[in-house]
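Letter by letter, the chains look like this.
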Amino acid sequence: MSTIEKARIAYTGSGLNDGTMPVKDLAPALLAFTELVESAYRAIGGTNPVKVMLNQDSLHKGSFDITFLLNLDILQQVKLFMSTAQETGLTDLLTVLGWGTAAGKGIFWLIKKIHGRKIKSIDAPRGEITLADGETIQTDPNTIKVFLNVDCRVGVEKVIEPVKQEGIDGFELRDPDRNNQEQTLLQIDKRETELFKAPPAADEGDIESDTAEQEMLARIISVNFDLGKWRLSDGTNSFWASIEDKDFLQKVDKGELSFRKGDMLRIRYYVHQAVKNGKLSSDYIITSVLELKRAPQQIKLDL
């Protein structure tokens, strides 16, 4: 027996009284819901490609009301379910989206329930979220996985985005088994849209690493004595470097060494790399100047 699982959403408002929606708003809304379904399915452990298809005659007058068919493509293209929804993971997927056994209580409900309040702790295995004000919200582990997933939260934000448009006042989860009725499982109005803005990805901390020391012959391009930086070239790329060789720096400070255009340094160096706030930086550190090679000052005669 084939099983087809359904999900039904609706956008409401005065601008949708004739049951239509501008293409510029329609297309992003459909794509956003599809992306949310796919990312949520991955977040809860789904491994098969999940298809999201529009149900025939799913639009209803008075709102932009659409029913989706959720289908898994397993081994065959455009194949309907030959196994139960529980076996394929669709029961769990529908639950975290807001349908299923706990109708209305999914990711949209959870974000609305938290209502922007600070979270004190999350017990994912038990499906509990404790807020800073002491309230404990009981949900399920899979919904917490979706709540903490960056892709899922971005998908949720995109689904709610049309509600910010003029003439669209709300977003609803509706009962997909009662197409002729506007039975609302969950409603989100324009005032609540900011609650669904996706938070930034968690900072995994600064990362720093050093390469092994190497030797190189580098041409001197310029020197910034105020910053203690030397601009060098390896013949292909130019880079700024810091010199930590105290003997070499003392000779420079005492005027014992002077430099001309084209002079080269044979150096030992390493590269210090760091990731801070998501940005990668690389610093060249010269530990020892092994030799100063002067640029030729005389022409070479072919004798």
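Throughout what follows, the structure given in this document is the object of discussion.

About the thresholds
- Residues numbered from 1 in each chain as written.
- Predicted model: local features only at pLDDT ≥ 70, side-chain atom pairs only at ≥ 80, totals over all residues.
- Heavy atoms only, no water.
- Buried < 20%, exposed > 50% of the residue type's maximum accessible area, 1.4 Å probe, protein only.
- Helix = DSSP H or I, 4+ residues; strand = E, 2+ residues; numbered from the N terminus.
- Phe/Tyr/Trp six-rings, centres within 6.5 Å; stacked < 30°, edge-to-face > 60°.
- Pairing = 2+ DSSP bridges.
- Axes fitted to C-alpha atoms, helices over the stretch in contact; angles between N-to-C directions.
- Contact = heavy atoms within 4.5 Å.

In this section: helix 4 (residues 107-114). Among the eight residues that make up helix 4, six are buried, leaving the element largely enclosed by the rest of the structure. Count one or two residues on from helix 4 and you reach His115, which has phi positive near 55°.

Turning to the packing of aromatic side chains, a few remarks are in order. Applying the stated criterion across every chain, the model contains 10 aromatic pairs. Each ring, one from Phe239 and one from Tyr284, has its centre 4.2 Å from the other, and the planes form 25°; the classification is stacked. Of this pair, Phe239 sits in strand 12 (residues 238-243) while Tyr284 is found in strand 14 (residues 279-293), placing the two residues 45 residues apart along the sequence. By relative accessible area, Phe239 is classed as buried at 8%. Look at Phe248 and Phe259: their rings are 6.2 Å apart centre to centre, the planes differ by 50°, and that puts the pair in the tilted class. With a gap of 11 residues between them, Phe248 in helix 7 (residues 246-253) and Phe259 in the loop between helix 7 and strand 13 (264-276) connect regions that are remote in the sequence. Phe259 sits in the partly exposed class, given a relative accessible area of 24%. Among the aromatic residues, those joined into a ring-pair cluster are Tyr11, Phe108, Phe171 and Phe196.

Reading across from one edge, 4-5-6 is the order of the three strands in this open sheet, with antiparallel pairing throughout. Looking along the sheet, the strands with just one partner apiece sit at the ends: strand 4 (119-123) and strand 6 (136-138). Neighbour-to-neighbour, the strand axes of this sheet turn through a mean angle of 15°, independent of strand direction. Note: strand 4 against strand 5 (residues 128-131), four bridges, orientation antiparallel. Its bridge partner lying in strand 5, Asp123 is registered against Glu128. Sheet strands in contact with helix 4 are strand 4, strand 5 and strand 6, and its direction is about 170° off that of strand 6.

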